[in-house]
Amino acid sequence: MNIDGYGRIAVVTGAGQGLGLSIAKDLLESGKKVVLIDVNKQALEEIKNSEFIQSKYEARSMFLEIDVANVQEIRSGVGAIIQKWGRIDILVNNAGVRKETAIEDIDIEEWNDIVSVNLGGTFFFSQAVIDTMKKQKWGRIINMSSFGGQFGPLTSGAHYCASKAGQLVLTKVFARELADKGITVNTIAPAAIRTPEMEKIDPQKLEKIISNIPVGRVGEETEVSKLVSYLISESAGYITGSTFDINGGLLMR
Ligand code: ADP
């Protein structure tokens, strides 16, 4: 079956704002049915009632309030999607929390909060969809990591960086275990993308980062979402277990 473009069911976590929302919009514009997931109910309501959704995409969108750190919520959400649309083809693990806490100030609660959303959410959401993807013999999982998970902090704490680094190896483990099932799993690792999160970064720090970016500017959300579009396409079936840097050449390897 080739239902690329039209008919595919995509799930995007952390779709309430920023990169996740851009990715979800792109998927809708390219004909997919899209499930927008976030812990922020108000953000989901606003998107649901927006002109963008109401004018064209109401029938092809679904909104679920899920905390990705809660395995029960993930499982019942996945059950609701399968009940509504019968399959899940694409999962973008984008929900995340970032904090800029110094090592000595990170307590166990903050550590657990960050790791259970960024890393636990990626693992348990992926775990919850692979059964249906295996049955379909087709699936695409994209884990949204970060520069911080590859090279250490630019603006984030040790817990954030460790959780983002964990996603890189989860990608490889899932990619290897699922490679012969028609499921690809890849990581995108952005840095310095213009999102609402960027506004929280200390302006002086940000200026210093930008001065080190060879392309001389920050990245745009759509530059990331277009990469997602390619990786989830039919043509990208030979790409799995890979990490895609999107950082304006900030650090090359
Ligand atoms: P980015 O733009 O890099 O994705 P943001 O912080 O702007 O970063 O977006 C992350 C999204 O993830 C937000 O909409 C936020 O509400 C969502 N999110 C954070 N924690 C959770 C969680 N536990 N479960 C689901 N979504 C979450």
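Residues numbered from 1 in each chain as written. Predicted model: local features only at pLDDT ≥ 70, side-chain atom pairs only at ≥ 80, totals over all residues. Heavy atoms only, no water.

(A) Expanded view of the site of the ligand. Taken together, 18 residues surround the ligand, and among them Gln-17, Leu-19, Asp-38, Asp-67 and Val-68 come closest. Separating a nitrogen atom of the ligand from a backbone N or O atom of Ile-66 is a distance of 3.4 Å. Against a free-state accessible area of 570 Å², the protein chains account for coverage of 85% of the ligand. Grouping the amino acids of the shell around the ligand by side-chain chemistry returns 7 nonpolar, 8 polar and 3 charged. (Near = heavy atom within 4 Å. Polar contact = N/O pair within 3.5 Å; in protein donor to acceptor, adjacent residues only side chain to side chain. Areas by Shrake-Rupley, 256 points an atom, 1.4 Å probe, with all protein chains shown as cover. Nonpolar A, V, L, I, M, F, W, Y, C, P; charged D, E, K, R; others polar.)

(B) Representation of the packing of aromatic side chains within the structure. Within this structure, the stated rule accounts for 4 aromatic pairs. Aromatic pair Phe-52 and Tyr-57: ring centres 4.9 Å apart, planes at 45 degrees, arrangement tilted. Since its relative accessible area comes to 6%, Tyr-57 is described here as buried. Linked through ring pairs, Phe-123, Phe-124 and Phe-174 together constitute an aromatic cluster. Taking the ring centre of Trp-138 as reference, the NZ or CZ of Arg-8 above it sits at 3.4 Å. (Phe/Tyr/Trp six-rings, centres within 6.5 Å; stacked < 30°, edge-to-face > 60°. Buried < 20%, exposed > 50% of the residue type's maximum accessible area, 1.4 Å probe, protein only. Lys NZ or Arg CZ within 6 Å of the ring centre and 35° of its normal.)

(C) Geometry of the sheet that holds strand E4 (residues 90–93). Within the open sheet, the 7 strands sit side by side as E3-E2-E1-E4-E5-E6-E7. Their pairing is parallel. Edge positions in the sheet fall to strand E3 (61–65) and strand E7 (243–246), since each has one partner strand and no second. Adjacent strand axes in the sheet meet at a mean angle of 15 degrees when their direction is disregarded. Two strands pair when backbone bridges link them, and strand E1 (residues 9–13) and strand E2 (residues 33–38) are joined in this way by 5 bridges, in the parallel orientation. Among the inter-strand pairings, Thr-13 is bridged to a residue of E2, identified as Ile-37. Lying over the sheet, helix H4 (residues 71–85) contacts E1, E2 and E3, oriented at roughly 160 degrees with respect to E3. (Pairing = 2+ DSSP bridges. Helix = DSSP H or I, 4+ residues; strand = E, 2+ residues; numbered from the N terminus. Axes fitted to C-alpha atoms, helices over the stretch in contact; angles between N-to-C directions. Contact = heavy atoms within 4.5 Å.)

(D) Representation of the pattern of salt bridges. Evaluation of the coordinates by the stated rule reveals 12 salt bridges. In this structure, Arg-87 and Asp-89 form a salt bridge, with 2.6 Å as the shortest nitrogen-oxygen distance. Both residues of the pair, Arg-87 and Asp-89, belong to the buried class. We note a salt bridge from Glu-220 to Arg-194, for which the minimum N-O separation is 2.7 Å. One end of the pair, Glu-220, is in the loop between helix H8 (203–211) and helix H9 (221–231); the other, Arg-194, is in the loop between strand E6 (183–190) and H8, and 26 residues separate them in sequence. (Salt bridge = Lys/Arg side-chain N within 4 Å of Asp/Glu carboxyl O.)

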